[in-house]
Amino acid sequence: MRFSSVFLFFFSIIIFLCKSIEAESQSKTISTPQFEIAFMPDIHFHDVFSDFSNDGFQGLRTEYNGQNRTASIRTMEAQLTSTRLFNENYFAFVAALDDAVKRGIKLIALPGDFSDDGQPVHIKGLVEILNRYQNKYNLKFFVTPGNHDPVRPFTMEAGESDFLGTDGRPQPIYSNNHRRCSDQSSYSPQTSHSTEPAPHTVVCSDKIKNLGYQDLFNLMGEFGLIPDQNTIYYETPFSRYQDGRNSISQEVNNFSFEQRQYEICHEGSGGQYKQANYTNCQQVMDMSYLVEPVEGLWLLAIDANVYIPHKENNSNPARNFSGSGNTGYNKLITHKKHLLEWITDVSNRAEKKGKTLIAFSHFPAVDFYNGAKPKIEQLWGENEFQLTRVPKENTSITLARTGLNFHVAGHMHMNGTSIVRDSLSGNVLTNIQVPSVAAYVPAYKIVRTTDEAQNQVEVETIIIENVPNFDTLFPHYKDEWNYLNSIGYDRLWDKSVLESKNYSEFTNWHIKELSRLRFLPGEWPDDVRSLLSGMTGLDMLIATQLQSSVLFADYKRWLKNSNSDIENMTTNFSHDWNKAKTKADLLAQEAGFKLSDFENWNGTDLSVDFYRLRNAGELAMPDITIKRFNQYIFIAKTLFESTIKISTNQNTQQKFHETFKEKFRTVFEVMSIFKNRLPDDTFQVNLKTGKIKKHIK
């Protein structure tokens, strides 16, 4: 084993013990706030009570708050194989708003993916809720778009195949001019004898289109996209700067859809930045804005969507662009250069005027994996784990160089904190990753400033554990499960999810089933997946001490044809295994463990905890438990202390213990990086230095 690997591992353990080299612990004492803003990205709002009755779908009769309602929902299978929930987040969003109201918060930012694909039926449902809370509690909402709103810059035909219909069967719903509606003959329902679900006849409705910028702007404009009369100051990247309240009324036309256009080309930024060889340049809206909702606070809403035109022009405007999901700031710095100049100007003015500047957008501004990317690429591959969405270091430094100190993001449905420092300018940029209420762990964040500490921002993470009515739709999922079970469906989800006692437990089930049904089959290499499926925690500990001539290929054949314990694979292997078990027992005793401690979890549990840590950081520890994580640390330590040389043979010739050690060193090292991040629950950040002080709850 290389010394550098040992050093890296023990360095990460030191970080784990210290929590963070930049963190200082102190008792939790939230100061009296000067400003408080709640950030709720990735709502993915789906109006579960939307009405398609005039289009031919009568919905599902549902009892809700003592009333009979009609529900239009997605299947549970769709939810458990997606990175976000589609249905229960309706109730979770309302619960989050109620929680913010109880805390006296008046400013709420929705940093992108406030809708699920910008469908008008759901946008209108969202507007109704926002208006209700705005009117009843005097809340102010500030939205900025994500890659799901809009899906493309222009409205396009769309739909979903997996709404839940009667009898537990899927109900397709598509917009009128979608090919599923214009040519239904090629999409006949399957017979009931198939092991695949037989869908109902397609329902056609334009309520399910994907809206573009202009339609979204018309529906959502009042929520930050245009100023109201109570706004102290407002501007866009395209409006002429004027100081003072009167600039709003004087230049109201500068905030219209028509006045917020920029040119983008396939190769890069258009307009004044366009080069002679640039092709297919298009005009697209930029929804970015700067608003001063209360005296002294500047909220910078950055539209970081980058929809790059294809090389060749398409007569259909919506189909002329690629999606923005994997572009983010890496492409913003090359294709939306006008924003870099504007952000720099805003940052400079905020500094001179003594304004507290808080920026937010949908996309991360700093590496949310905290340096784990090379290790992830090494084992899982460069296209897995959404690595294309990780901001490059140069991208983050470019943003820091604008003078931006503090940025709040969503998109990844992850909880985290990351910092980048620009050695040239001395600027520091702190990026806060806010979880989604539609995923594990369901939470939002409160950012507050105080008069007590200059350049200090407090961040508090609020977990939405108990959600009234979260199980309203469970009876319909029971019908779905019964139907899928009756046809012998081979990808059946675990109906134990319907036994969840609260919303937090429900999202915990979501990450477990998502790992089993999608992540493990789709993201993990076959050899690692084979090891995970066949080993307990005790097996993993013993394997750290194993030396055997048995090839990994032989293990895979044995695993395929046997349900017996791994130690009984062959006579020779059993002998080697028992020797390793004796060594493992001594090591465990020296560290204060018993071998039986490691029998309570297996490879599947490890993989779920891997994703828990990736998504939630320290918020995941109550579900993992310190006891189990300490066992992970112990196995990782013994792996990295191993002196067994790993051969360079291909996997077909590699020995079983070599494959295990090579792969699982990386698995545990990446888990360690996920766990040992900067504080991400409740903490303070110095905007100038990036120094973090952690609150202990």
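Chemist: What is the right way to read the environment of Q631 from this model?
Modeler: Mapped onto the elements, Q631 comes out in helix 20 (residues 626-641). Overall, the relative accessible area of 3% leaves Q631 in the buried class. Taking the C-alpha atoms as reference, Q631 lies 9.9 Å from L538; in sequence the two are 93 residues apart. When near neighbours in sequence (up to four residues on either side) are disregarded, Q631 contacts F593, D597, F598 and W601.

Chemist: Which parts of the structure should I look at to understand the layout of surface pockets?
Modeler: Empty space within the second largest pocket amounts to approximately 550 Å³. The wall of the second largest pocket is formed by 27 residues, among which E351, K355, T356, N455 and L687 lie closest to the centre. For the lining of the second largest pocket, the elements supplying multiple residues, two or more each, are helix 9 (337-353), strand 15 (356-360) and strand 20 (456-463). In terms of residue count, helix 9 provides more of the lining of the second largest pocket than any other element does, four residues in total.

Chemist: I would appreciate a short explanation of the sheet that holds strand 7 (residues 159-164) in the present structure.
Modeler: Two orientations exist for strands paired in a sheet by backbone hydrogen bonds: parallel and antiparallel. The strand order across the open sheet built from three strands is 7-8-9, with neighbouring strands paired in mixed fashion. Unpaired on one side and paired on the other, strand 7 and strand 9 (203-204) mark the two borders of the sheet.

Chemist: Explain the packing of helix 4 (residues 120-137) against helix 6 (residues 213-225) to me, please; I cannot follow it from the model alone.
Modeler: Contact geometry of helix 4 with helix 6 gives a least axis separation of 10 Å together with a crossing angle of 15°. By the angle class used here, helix 4 and helix 6 are roughly parallel. In the packing of helix 4 onto helix 6, the handedness of the crossing is left-handed. For the pair formed by helix 4 and helix 6, the contact residues are I123, L126, V127, L130, N131 and Q134 on the first element and L216, L219, M220, E222 and F223 on the second.

Chemist: Looking at this structure, I do not really get the pairing of strand 2 (residues 35-39). What am I missing?
Modeler: Within a regular strand, the side chains alternate between the two sheet faces. By the criterion of burial, strand 2 is predominantly enclosed, with five of the five residues buried. Residues of strand 2 alternate between two faces, with F35, I37 and F39 on one and E36 and A38 on the opposite face, all of them buried. Inspection of the sheet shows strand 2 paired to strand 19 (residues 443-449) by five bridges, in the antiparallel sense. Residue pairing in the sheet places E36 in a bridge with R448 of strand 19. Sheet topology places strand 2 next to strand 5 (residues 107-111); three bridges connect them, and they run parallel. Looking at the pairing, A38 lines up with I108 of strand 5.

Chemist: Explanation requested: the confidence of the model for the chain in the structure shown.
Modeler: Any residue range with low pLDDT should be treated as having predicted coordinates unsuitable for detailed reading. In the predicted model, the chain carries a mean pLDDT of 90, and 90% of its residues have values of at least 70. Under a pLDDT of 50 for its full length, residues 1-29 has, in the predicted model, 55 contacts with residues more than four places off or in other chains.

Chemist: Even after reading the chapter, I still don't get the side chain of N405, so can you show me in this structure?
Modeler: Among the secondary structure elements, N405 is positioned in the loop between helix 11 (393-401) and strand 16 (406-409). One polar contact links the side chain of N405 to the main-chain carbonyl oxygen of V428, over a distance of 3.2 Å. For N405, the contacting residues outside a window of four places in its chain are V428, L429, T430, L687 and K688.

Procedures and definitions
Residues numbered from 1 in each chain as written. Predicted model: local features only at pLDDT ≥ 70, side-chain atom pairs only at ≥ 80, totals over all residues. Heavy atoms only, no water. Helix = DSSP H or I, 4+ residues; strand = E, 2+ residues; numbered from the N terminus. Buried < 20%, exposed > 50% of the residue type's maximum accessible area, 1.4 Å probe, protein only. Contact = heavy atoms within 4.5 Å. 1 Å grid on protein atoms, 1.4 Å probe; cavity = no way out; pocket = protein on both sides within 12 Å on 5 of 7 lines; lining within 4 Å. Points joined across faces, edges and corners; volume = space filled by probe spheres on them. Pairing = 2+ DSSP bridges. Axes fitted to C-alpha atoms, helices over the stretch in contact; angles between N-to-C directions. Parallel < 35°, antiparallel > 145°, perpendicular 65-115°, else oblique. Left-handed = near helix turned anticlockwise from the far one by under 90°. pLDDT = per-residue confidence, 0-100. Polar contact = N/O pair within 3.5 Å; in protein donor to acceptor, adjacent residues only side chain to side chain.

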